[in-house]
Amino acid sequence: SIAGFARRFLPVGMTIKQLYEVVLLRRRSSGQKLKEDLALERASAEARVARFQEETKQFQRTLAEERARSEAEQSELDKCHRALSLQRAASSARVQEAEALTKEQRRADS
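Residues numbered from 1 in each chain as written. Predicted model: local features only at pLDDT ≥ 70, side-chain atom pairs only at ≥ 80, totals over all residues. Heavy atoms only, no water.

**Considering the pattern of salt bridges**
Move 1: Taken as a whole, this structure holds five salt bridges when the rule is applied.
Move 2: The closest approach of N and O atoms between Asp37 and Lys33, which form a salt bridge, is 3.1 Å. Taken together, the residues Asp37 and Lys33, both in helix 2 (residues 16–109) and four residues apart, mark about one turn of the helix.
Move 3: Classification of Asp37 by relative accessible area gives partly exposed; the value is 36%.
Move 4: Relative accessible area serves as the criterion here: at 47%, Lys33 is assigned to the partly exposed category.
Move 5: When the shortest N-O distance is used, the salt bridge between Glu66 and Arg69 registers 2.7 Å. Residue Glu66 and its partner Arg69 are located together in helix 2, separated by three residues, close to a single helical turn. (Salt bridge = Lys/Arg side-chain N within 4 Å of Asp/Glu carboxyl O. Helix = DSSP H or I, 4+ residues; strand = E, 2+ residues; numbered from the N terminus. Buried < 20%, exposed > 50% of the residue type's maximum accessible area, 1.4 Å probe, protein only.)

Rendered as structure tokens:
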């Protein structure tokens, strides 16, 4: 019988009812432990998600700053390029004017 089988494995002086209560207690405590483990795992996962979200926000801020800096640098380069082009055009005009004056001077001398 089950009772006879259980008695062979019961600690001395323990009844089947006491064994049943111990098993229930262990089962409940293991269930509670599982719940606690799951709660810890969930809290850990939520912390990782929060940390990832914060890192993502920081990356986006850094990216926006770098983009703004790059646009400002590009704008400055464009201004310099326009100024250089204007200087080149003015220099070319002065060279043409000097060449024209030289030609006129040569004609006048001859």
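From this point, the narrative continues.
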